[in-house]
Amino acid sequence: MAKRISVIVSQGQSANPSKRALEEDLVTALIMEPGIDVAVVPHLYDLKPDGTGVLALQGVGGDMIVLSWLYERATRWTLDRVGVRGQEGVTLLKPEDDDEDDDVLDEEAEDKHRVIDQRDLPKRKIYCIDLRVADQVQPYLDEIKRIASEAQTQVVGLTGWLGGSPGGDAMQRFLKPTNDTALGATPDSAPAANGNGNGKGNGSVDGNGHASPADSSPSTEEAPREPLRVEETGGRRWYPVIDYSRCTNCMECIDFCLFGVYGVDGVETILVEQPDNCRKGCPACSRVCPENAIIFPQHKTPAIAGSADAASGLKIDLSKLFGAPESNESAAEVAARERDEQLLAAGRDAVGMTVGIPQPKEHRAGDEEKDELDDLIDELDELDL
């Protein structure tokens, strides 16, 4: 099988003409490129976990490139929470002011155990590209072609779940269910597994599971493939996304959040269990995370929305980085205030700093004052022997 790579274009939340034009121009350019399968899905962050868009993404079996109107970190970990996982692919298309440098990470952070260390990720790579980097198609096209040319592993592209290749069982079952109780897809209306019934080209899938055929004709050369267009209804969502490359599973977020958003899985790893319990517009838990591992992709503050700045170990004023107002409030105090506002709006009592916010050891009730031995131990710790 020839090597193919899947490119996913995630549409923006707004109907901004310039954004839509960039998306469509990019799709038009990509379908002319050999070895590339293209799909267009609604805004990645708004996809329902059991919807058509997520099912389509889960059906991609090989390397994939995802372009969205989100920071790269936000895209990667939004995909992760719906089970679309892989090795992090490195993209060279970055914002001009992106001066991220791995060398500035503090040494202490490198010694911490991260949740991602426990994971056995698929060998395929996922490349995430921010559509806000450039306003012209060419930079994106050049980067996608570079990634495609460097792909060393054989991939199962979108044809994997539309054309009968291995890895396409999920989408095939969705398009052509074996029972007559499936909503929106019956034996009379279900399309063939490849979307158009003839095994050639791609089609489109709407929110009810109906596929529309795409015209294709035999050719000795690869003809342009129509993009798969996934349609899904639903409003805008608001929930946290966990960056497991930063998360140490400290559980401070589950202690802090009083709305039941967080939970743990079978191996006691933190996860966003009830995302729609989150209070719209509230990013408070991200402010108390000691590792800056909680992302709210739609927040106006870059560090909370997934900017690479939040992934660095620079010793900076976190309260300012995370959008705290010009006051003497710390990041924890801002978080407590934001949480209280949401508690009151929900008809509950405010709790201030008394719940879910760890206090510095020297300020905890019942702690004795440090003696000379404590000072000596602190000095030894600073030597980093």
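Quick notes on the rules
Residues numbered from 1 in each chain as written. Predicted model: local features only at pLDDT ≥ 70, side-chain atom pairs only at ≥ 80, totals over all residues. Heavy atoms only, no water. Helix = DSSP H or I, 4+ residues; strand = E, 2+ residues; numbered from the N terminus. Buried < 20%, exposed > 50% of the residue type's maximum accessible area, 1.4 Å probe, protein only. Contact = heavy atoms within 4.5 Å. Core = buried A, V, L, I, M, F, W, Y, C linked by side-chain atoms within 4.5 Å. Phe/Tyr/Trp six-rings, centres within 6.5 Å; stacked < 30°, edge-to-face > 60°. Expected span 1.5 Å × (residues − 1). Polar contact = N/O pair within 3.5 Å; in protein donor to acceptor, adjacent residues only side chain to side chain. Pairing = 2+ DSSP bridges. Right-handed = clockwise from strand over helix to strand, strands pointing away. pLDDT = per-residue confidence, 0-100. Disulfide = S-S within 2.5 Å. Salt bridge = Lys/Arg side-chain N within 4 Å of Asp/Glu carboxyl O.

A look at the overall build of the protein
Line of reasoning, step 1. Looking only at helices and strands, the protein has 13 helices and 12 strands in total.
Line of reasoning, step 2. Considering the protein as a whole, with its 385 residues, one finds that 46% of them fall into the buried category.
Line of reasoning, step 3. Relative to all contacts within the protein whose residues are 6 or more apart in sequence, the contacts with residues 24 or more apart total 70%.

Quick notes on the nonpolar core
Line of reasoning, step 1. Counting 37 residues, the largest nonpolar core has Tyr262 and Ile270 as the members making the most contacts within it.
Line of reasoning, step 2. Secondary-structure elements contributing two or more residues to this core are helix H3 (72–81), strand S9 (241–242), helix H8 (252–256), strand S11 (270–272), helix H9 (284–288), strand S12 (294–295) and helix H12 (331–345).
Line of reasoning, step 3. Setting aside chain neighbours within four positions, we find Tyr262 in contact with Pro240, Ile242, Cys253, Ile254, Cys257, Ile270, Leu271, Val272, Glu273, Cys285 and Ile294.

Structural notes on the packing of aromatic side chains
Line of reasoning, step 1. All chains considered together, the criterion is met by 3 aromatic pairs.
Line of reasoning, step 2. Seen from their ring centres, Tyr45 and Tyr239 are 4.3 Å apart, and the 20 degrees between their planes marks the pair as stacked. Here Tyr239 lies in the loop between strand S8 (228–230) and S9 and Tyr45 lies in the loop between strand S2 (36–41) and helix H2 (52–58), a separation of 194 residues in the sequence. As far as the burial class goes, Tyr45 and Tyr239 line up, both buried.
Line of reasoning, step 3. Measuring from centroid to centroid gives 5.1 Å for Trp238 and Phe296, while their planes differ by 20 degrees, and the two rings are stacked. You can see Trp238 sitting in the loop between S8 and S9 and its partner Phe296 sitting in the loop between S12 and helix H10 (302–305), a full 58 residues away along the chain. The residues Trp238 and Phe296 share a single accessibility class, namely buried.

Concerning helix H1 (residues 17–30)
Count 3.6 residues to each turn of an α-helix, and residues three or four apart come out pointing the same way.
Line of reasoning, step 1. With 14 residues, H1 should cover 20 Å at 1.5 Å per step; its first-to-last C-alpha distance of 20 Å lies within 8% of that length.
Line of reasoning, step 2. Lining the buried residues of H1 we find strand S1 (5–10), S2, strand S3 (64–68), helix H5 (137–150) and S8.

Some details on H3
Line of reasoning, step 1. Burial of H3 is extensive: 9 of the 10 residues sit out of reach of the surface.
Line of reasoning, step 2. Here H3 has its buried residues at Glu72, Arg73, Ala74, Thr75, Arg76, Trp77, Thr78, Leu79 and Asp80.
Line of reasoning, step 3. Residue Gly83 follows H3 closely and has a positive phi angle near 85 degrees.

Considerations on the side chain of Glu338
Line of reasoning, step 1. Structurally, the position occupied by Glu338 is in helix H12.
Line of reasoning, step 2. Not counting chain neighbours up to four residues away, the residues in contact with Glu338 comprise Cys282, Pro283, Ala284 and Arg287.

Quick word on unusual backbone geometry
Line of reasoning, step 1. With a phi close to 65 degrees, Asn249 is a non-glycine residue in the positive phi region.
Line of reasoning, step 2. Relative to the elements of secondary structure, Asn249 occurs in the loop between S9 and H8.
Line of reasoning, step 3. Accessibility expressed as a relative area gives 24% for Asn249, which makes it partly exposed.
Line of reasoning, step 4. One non-glycine residue, Glu268, lies in the positive phi region at around 60 degrees.

Brief notes about the environment of Arg20
Line of reasoning, step 1. Locating Arg20 in the fold gives a position in helix H1.
Line of reasoning, step 2. When near neighbours in sequence (up to four residues on either side) are disregarded, Arg20 contacts Gln11, Gly12, Ser14 and Ala15.
Line of reasoning, step 3. Side-chain polar atoms of Arg20 contact the side chain of Glu23, separated by 3.0 Å.

Observations concerning the pairing of S1
Line of reasoning, step 1. S1 sits mainly inside the fold: 6 of its 6 residues count as buried.
Line of reasoning, step 2. Burial of S1 is two-sided: the residues Ile5, Val7 and Val9 facing one way and the residues Ser6, Ile8 and Ser10 facing the other way are all buried.
Line of reasoning, step 3. With 6 bridges connecting them, S1 and S2 associate as parallel partners. Bridging from a neighbouring strand, Val7 pairs with Val38 of S2.
Line of reasoning, step 4. Traced from S1 through H1 to S2, the parallel crossover comes out right-handed.

A short note on the pairing of S3
Line of reasoning, step 1. Taking burial as the measure, the 5 residues of S3 include 5 buried ones, the bulk of the element.
Line of reasoning, step 2. Of the two faces of S3, both are covered, the one formed by Met64, Val66 and Ser68 as well as the one formed by Ile65 and Leu67.
Line of reasoning, step 3. In this structure, S1 lies alongside S3, joined through 4 bridges in parallel fashion. Residue Val9 lies in a different strand from S3, and its bridge partner there is Leu67.

Considering the confidence of the model for the protein
Line of reasoning, step 1. The pLDDT averaged across the protein works out to 77; a share of 66% of its residues lies at or above 70.
Line of reasoning, step 2. Low confidence marks residues 361–367, where pLDDT is under 50. Its contacts with residues over four positions away, or in another chain, come to 3 contacts.

Quick word on the state of the cysteines
Line of reasoning, step 1. The full count for this structure, using the stated rule, is 0 disulfides.
Line of reasoning, step 2. Not part of a disulfide, Cys247 finds its nearest cysteine sulfur in Cys250, a span of 6.5 Å.
Line of reasoning, step 3. Among the residues examined, Cys247 registers a relative accessible area of 9% and is labelled buried.

As for the pattern of salt bridges
Line of reasoning, step 1. For the coordinates displayed, the defined rule picks out 18 salt bridges.
Line of reasoning, step 2. For the salt bridge of Lys94 with Glu72, the shortest nitrogen-to-oxygen distance reads 3.1 Å. With Lys94 in the loop between strand S4 (87–89) and helix H4 (107–110) and Glu72 in helix H3, this residue pair connects regions lying 22 residues apart in the sequence.
Line of reasoning, step 3. A relative accessible area of 31% places Lys94 in the partly exposed class.
Line of reasoning, step 4. Residue Arg76 pairs with Glu88 through a salt bridge whose shortest N-O separation is 3.0 Å. A residue pair is termed long-range when its members are at least 10 positions apart, and Arg76 in helix H3 and Glu88 in strand S4 qualify at 12 residues.
Line of reasoning, step 5. Relative accessible area serves as the criterion here: at 16%, Arg76 is assigned to the buried category.
Line of reasoning, step 6. Residue Glu88 is classed as partly exposed on the basis of its relative accessible area of 49%.

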